[in-house]
Amino acid sequence: MNKSNQRISKDNYFMKIAEVVSMRSTCIKRNVGAVLVKDNHILSTAYNGAPSGLPHCTPDICVRKYLKPGDKPELCRGVHAEINCIIQAALHGTAIEGNTSLYTTTFPCMSCLKLIINAKIKRLIYKEGYNMENIVKADLLKGSNIEVIKLS
């Protein structure tokens, strides 16, 4: 039990797992972890980094190391945690449609958000904002009916 003898909420529980998962990230700029949950059971976990089987990102390899976050994403060789989470579920034949939540330590980029919408994920729970002023992301979210929750 924790200090107050009260259980943490399920949202905080799964976010703490995402935070631990982010510690496996191989990105030199940002460590992100994600946990895909359906009916309160973990389906997959993932972090951001180079595609499977390829060398990890290093300062020598990263061509974006001096760019601001979000600049020239097409040059990034890494796969984002949210995408990796969906891929891991698919590779193992796990259906994610239904009462599914995605916990991510950082709010998804535009590309990840579109994939999350198409994967029919119902809830998106995040800890840290990313490119939150993007009005296209806001419009996509409005039209998607995804419940978005920011945990502090």
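Keep in mind that what you see is a predicted model, and the values were worked out from it rather than measured.

Rules used in this analysis
Residues numbered from 1 in each chain as written. Predicted model: local features only at pLDDT ≥ 70, side-chain atom pairs only at ≥ 80, totals over all residues. Heavy atoms only, no water. Buried < 20%, exposed > 50% of the residue type's maximum accessible area, 1.4 Å probe, protein only. Helix = DSSP H or I, 4+ residues; strand = E, 2+ residues; numbered from the N terminus. Pairing = 2+ DSSP bridges. Core = buried A, V, L, I, M, F, W, Y, C linked by side-chain atoms within 4.5 Å. Contact = heavy atoms within 4.5 Å. Right-handed = clockwise from strand over helix to strand, strands pointing away.

(A) Region of the structure containing the pairing of strand β1 (residues 33-38). Burial runs high along β1: five of the six residues are buried. Two strands pair when backbone bridges link them, and β1 and strand β2 (residues 41-47) are joined in this way by six bridges, in the antiparallel orientation. For Val-35, the partnering residue across the bridge sits in β2 and is Thr-45. Hairpin connection, β1 to β2: the antiparallel pair is bridged by two residues, and Asp-39 has positive phi, about 50°. Across five bridges, the pairing between β1 and strand β3 (residues 100-106) is antiparallel. Directly across from Leu-36, in β3, lies its bridge partner Leu-102.

(B) The arrangement of the nonpolar core in detail. Leu-36, Leu-102, Ile-116, Ile-121 and Leu-124 are the most contacted members of the largest nonpolar core, which has 22 residues in total. At the level of elements, β1, α2 (81-91), α3 (110-118) and β4 (123-128) are the ones that each hand at least two residues to this core. Among the nonpolar cores identified, the runner-up in size contains nine residues, and Val-37, Ile-125, Ile-149 and Leu-151 belong to it.

(C) How the structure looks around unusual backbone geometry. Notably, Lys-72 is not glycine yet its phi reads approximately 50°, a positive angle. Relative to the helices and strands, Lys-72 is located in the loop between β2 and α2. Overall, the relative accessible area of 47% leaves Lys-72 in the partly exposed class.

(D) Spatial organisation of the environment of Ile-149. Here Ile-149 shows up in strand β5 (residues 147-150). With relative accessibility at 19%, the residue Ile-149 sits in the buried group. In this structure the C-alpha to C-alpha distance between Ile-149 and Leu-124, which are 25 residues apart in sequence, comes to 6.3 Å. Excluding its chain neighbours within four sequence positions, the residues that come into contact with Ile-149 are Asp-11, Arg-123, Leu-124, Ile-125 and Tyr-126.

(E) The arrangement of the pairing of β4 in detail. Bridge count between β3 and β4: five bridges; the pairing is parallel. Bridge assignment links Ser-101 to a residue of β4, and that residue is Arg-123. Of the crossover connections in this fold, the one passing from β3 over α3 to the parallel β4 is right-handed. The pairing of β4 with β5 spans four bridges and is classified as parallel. Across the sheet, the residue bridging to Tyr-126 is Lys-150, located in β5. In this region the chain leaves β4, passes through helix α4 (residues 135-144) and returns to the parallel neighbour β5; the handedness of that crossover is right-handed.

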